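Structural characterization, general
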Amino acid sequence: MYRRLIRSGIALLSGMLLCGCLISSIWLTPAPESARTRRLAADVDTTWTAVIEVLVQRDLQIAAMKKERGWISTDFAYFPPMEFGEPVLEGKLMLGSYLDVRGGRYRVTIHVKPDGAETAVTIDTTLERLEERPSPSTAPEPSFTLDLPAARRGYLVPVSQPSNGVIERQLFQELEQTLAAQRVGQNTAPP
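Cut-offs applied
- Residues numbered from 1 in each chain as written.
- Predicted model: local features only at pLDDT ≥ 70, side-chain atom pairs only at ≥ 80, totals over all residues.
- Heavy atoms only, no water.
- Helix = DSSP H or I, 4+ residues; strand = E, 2+ residues; numbered from the N terminus.
- Contact = heavy atoms within 4.5 Å.
- Areas by Shrake-Rupley, 256 points an atom, 1.4 Å probe, with all protein chains shown as cover.
- Buried < 20%, exposed > 50% of the residue type's maximum accessible area, 1.4 Å probe, protein only.
- Lys, Arg positive; Asp, Glu negative; His and termini not counted.
- Salt bridge = Lys/Arg side-chain N within 4 Å of Asp/Glu carboxyl O.
- Polar contact = N/O pair within 3.5 Å; in protein donor to acceptor, adjacent residues only side chain to side chain.
- Phe/Tyr/Trp six-rings, centres within 6.5 Å; stacked < 30°, edge-to-face > 60°.
- Lys NZ or Arg CZ within 6 Å of the ring centre and 35° of its normal.

1. Concerning the overall build of the protein
Looking only at helices and strands, the protein has 3 helices and 10 strands in total. Counted from the first residue to the last, the protein has its helices and strands arranged as α-β-β-α-β-β-β-β-β-β-β-β-α. Taking the intrachain contacts of the protein between residues at least 6 apart in sequence as the baseline, contacts between residues at least 24 apart amount to 68%. For the protein, the accessible area works out to roughly 11,600 Å², and carbon and sulfur atoms hold 55% of it.

Put into structure tokens, the structure is as follows:
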């Protein structure tokens, strides 16, 4: 009886795997151009300060910036697969966990331009998923590592993919919150 139950369970799981019930692939739609640009009700200097504050809060290292040209670029920042609360990486999922992706990395270039009384902000995101590959004896030494158990450590390969707009949307939300806090702080400052 016990063996029959085990065989039935194994057969059921095998059938589910074959029909794709447990494994699903995520292929994300790239963000439209309009999701990458917003007009903010603040002057350029205030917006510039808020952008830097958001990058610091997110622990993104600034690689280069030219205030007179209105752009800031960050270094790559690494993140675990579900860091943003919703998928931003393409790959195969089984019961809510990625099978082939160990995380990702992203960097942003933010353009800040005056637009009348407002400021136009554009966020360009470079996004790469980190796929784990088996480590053959001839594998190149990785330029980066993540904390993986030694038994599971292969080497990680960055694979470029388009951003689906989640990172940009969250950055814009944080930027708008920072600008709102700055306005409240200006209104409550003693004369």
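2. Observations concerning the side chain of glutamate 168
Structurally, the position occupied by glutamate 168 is in helix H3 (residues 166-188). Buried within the structure, glutamate 168 lacks any salt-bridge partner; arginine 36 is the closest side chain of opposite charge, at an N-O distance of 6.1 Å. Engagement of the side chain of glutamate 168 in a polar contact is seen with the side chain of threonine 125, the distance being 2.9 Å. When neighbours within four sequence positions are excluded, glutamate 168 is seen to be in contact with Ala35, Ile123, Thr125 and Ser163.

3. Comments concerning the environment of lysine 67
Turning to its location among the elements, lysine 67 is positioned in the loop between strand S3 (62-66) and strand S4 (71-74). Put simply, lysine 67 and valine 44 are 23 residues apart on the chain and 9.8 Å apart in space, counted from C-alpha to C-alpha. Those residues within four positions of lysine 67 in sequence are excluded, and the remaining contacts are Asp45 and Trp48. A distance of 3.4 Å separates the side chain of lysine 67 from the side chain of aspartate 45, its partner in a polar contact.

4. With respect to the packing of aromatic side chains
Enumeration over the complete set of coordinates arrives at 3 aromatic pairs. Here the aromatic rings of phenylalanine 79 and tyrosine 106 are separated by 5.8 Å at their centres, their planes lie at 65°, and the arrangement is edge-to-face. Linking phenylalanine 79 in strand S5 (residues 77-79) with tyrosine 106 in strand S8 (residues 101-115), this pair joins segments that are 27 residues apart in sequence. Across this residue pair, the class does not change: phenylalanine 79 and tyrosine 106 are buried. On the basis of an interplanar angle of 75° and a centroid distance of 5.7 Å, the ring pair of phenylalanine 84 and tyrosine 106 is categorised as edge-to-face. With phenylalanine 84 in the loop between S5 and strand S6 (91-94) and tyrosine 106 in strand S8, this pair connects stretches of sequence that are 22 residues apart. Residue phenylalanine 84 is classed as buried on the basis of its relative accessible area, which comes to 8%. Looking at tyrosine 106, the relative accessible area reads 5%, which means it is buried. Through a chain of ring-to-ring contacts, the aromatic side chains of Phe79, Phe84 and Tyr106 assemble into a single cluster. Over the aromatic face of phenylalanine 76 sits the side chain of arginine 105, whose NZ or CZ is 4.1 Å from the ring centroid.

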